[in-house]
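Listed below are the residues making up each chain.
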Amino acid sequence: MIKGILTDMDGVILDSEKLYVRFWCEAGQACGFPMERKHALGIRSMARPYAIEKLQGWFGESFDYDEVRNKRIELMNAYVDVHGIEPKPQAEYLLSYLKEKGIKVALATATAKPLAEKYLERVGLLKYFDAVASAKQVEHGKPAPDIYIYAASLLGLKPEECIALEDSPNGIRSAHAAGCKTVMVPDLDGAAEEIKPLLYDIADGLADVVRIIEN
């Protein structure tokens, strides 16, 4: 029986992954590196040590992760201050369904907890979450399993009692390694062949998660 839902934020609950991709590319290019969409997609949800290794593998050891990341934050914050941030379609529908059914919900995000809570509050969704777990609170970020193990513990549950909702390969690897029933909710791309064996199911949008829970 499913007792809890653990969910990523960017690209699953908030329509923000596209902004990270855009501003990683703009920041990289501003710092002199030919960063493209494929590079930004490759580091989605990836913890700092893993991202540094991957980015320096692409662009060389001169790639200054902190400089580029700080520029990305600057650009994205300026955009969000003006344009705001939007929830994914059907996010409130799913979260209100879970609340009605008494299914606990925790966020499991690579974003810092204060910023994640700020974004969720801004779109009126924070009230639906029983707990918020950030990768900043665990030893190893995604794709390591730590964040999902921690998020489940905040609900008083075991990972195997939970469905994890993810959109990125790194997040899927994290949730699967933790022992969750991992459901992909595609955002910027679909399920790659090497990811499919790790999945419990693929949801056609957030409303379709209800089908998976009820079955």
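Just above sits the structure.
So, a few notes on the structure that sits alongside this text. Quick caveat, the model's predicted, so the values are computed rather than measured.

### Let's talk about the pattern of salt bridges
(1) Moving on: Going through the model one piece at a time under the given rule, you end up with 14 salt bridges.
(2) Moving on: Its salt-bridge partner being lysine 3, residue glutamate 161 comes within 3.1 Å of it at the nearest N-O pair. Linking glutamate 161 in the loop between helix H7 (146-154) and strand S4 (162-166) with lysine 3 in the segment before strand S1 (4-7), this pair joins segments that are 158 residues apart in sequence.
(3) Moving on: Between lysine 196 and glutamate 193 there is a salt bridge, and its shortest N-O distance comes to 2.9 Å.
(4) Moving on: The partly exposed category is assigned to lysine 196, whose relative accessible area is 38%.
(5) Moving on: Members of the salt-bridge network, linked through shared partners, are Asp15, Lys18, Lys88 and Asp187.

### As for the packing of aromatic side chains
(1) Moving on: In total, this model carries 6 aromatic pairs according to the counting rule given.
(2) Moving on: Considering the side-chain rings of phenylalanine 23 and tyrosine 79, the 5.6 Å spacing of their centres and the 55° angle between planes classify their relative orientation as tilted. Highlighted residues: phenylalanine 23 in helix H1 (residues 17-30) and tyrosine 79 in helix H4 (residues 65-83), separated in sequence by 56 residues.
(3) Moving on: Consider the rings of phenylalanine 33 and phenylalanine 59, whose centres lie 6.1 Å apart with planes at 55°: the pair is tilted. Linking phenylalanine 33 in the loop between H1 and helix H2 (37-42) with phenylalanine 59 in helix H3 (residues 48-59), this pair joins segments that are 26 residues apart in sequence.
(4) Moving on: Among the aromatic residues, ring-to-ring pairing joins Phe33, Trp58, Phe59 and Phe63 into one connected group.

### Thoughts on H3
At 3.6 residues per turn, the α-helix brings residues three or four places apart onto the same side.
(1) Moving on: Over its 12 residues, H3 runs 16 Å from end to end, which matches the ideal 16 Å to within 8%, given 1.5 Å per residue.
(2) Moving on: Taken as a whole, H3 has its buried residues at Ala51, Ile52, Leu55 and Phe59. Projected down its long axis, H3 shows its buried positions confined to an angular sector of 100°, all on one face. Across H3 from its buried face, at more than 90 degrees, point the exposed residues Pro49, Glu53 and Gly57.
(3) Moving on: Check the buried side of H3 and you find it contacts H2 and H4.
(4) Moving on: Following H3 by one or two positions, glycine 60 adopts a phi angle in the positive range, close to 95°.

### A short note on the packing of H7 against helix H8 (residues 169-178)
(1) Moving on: Close contact between H7 and H8 brings their axes to 7 Å; oriented N to C, the two are set at 60°. Overall, the two elements H7 and H8 adopt an arrangement that is oblique. As H7 packs across H8, the resulting crossing turns out to be right-handed. In this structure, H7 contributes Ile147, Tyr148 and Ile149 to the contact, and H8 contributes Gly171, Ser174, Ala175 and Ala178.
(2) Moving on: By residue class, the composition of the contact of H7 with H8 is 5 nonpolar, 2 polar and no charged.

### Looking at the sheet that holds strand S5 (residues 181-184)
(1) Moving on: One open sheet holds the 6 strands; their spatial order is S3-S2-S1-S4-S5-S6, and the pairing between them is parallel. Looking along the sheet, the strands with just one partner apiece sit at the ends: strand S3 (131-134) and strand S6 (201-202).
(2) Moving on: Direction of pairing for S5 relative to S6: parallel, over a ladder of 2 bridges. Across the sheet, methionine 184 pairs through a bridge with isoleucine 202, a residue of S6.

### Some points on unusual backbone geometry
A negative phi angle characterises most non-glycine residues, just as the trans form characterises most peptide bonds.
(1) Moving on: Going from lysine 142 to proline 143, the amide bond is cis rather than trans, its omega being 15°.
(2) Moving on: Inspection of the secondary structure assignment puts proline 143 in the loop between S3 and H7.
(3) Moving on: Its identity is not glycine, yet serine 45 carries a phi of approximately 65°, on the positive side.
(4) Moving on: Within the element layout of this structure, serine 45 appears in the loop between H2 and H3.
(5) Moving on: Judged by its relative accessible area of 12%, serine 45 falls in the buried class.

Reading the values: rules and limits
- Residues numbered from 1 in each chain as written.
- Predicted model: local features only at pLDDT ≥ 70, side-chain atom pairs only at ≥ 80, totals over all residues.
- Heavy atoms only, no water.
- Salt bridge = Lys/Arg side-chain N within 4 Å of Asp/Glu carboxyl O.
- Helix = DSSP H or I, 4+ residues; strand = E, 2+ residues; numbered from the N terminus.
- Buried < 20%, exposed > 50% of the residue type's maximum accessible area, 1.4 Å probe, protein only.
- Phe/Tyr/Trp six-rings, centres within 6.5 Å; stacked < 30°, edge-to-face > 60°.
- Expected span 1.5 Å × (residues − 1).
- Arc of directions from axis to C-beta.
- Contact = heavy atoms within 4.5 Å.
- Axes fitted to C-alpha atoms, helices over the stretch in contact; angles between N-to-C directions.
- Parallel < 35°, antiparallel > 145°, perpendicular 65-115°, else oblique.
- Left-handed = near helix turned anticlockwise from the far one by under 90°.
- Nonpolar A, V, L, I, M, F, W, Y, C, P; charged D, E, K, R; others polar.
- Pairing = 2+ DSSP bridges.

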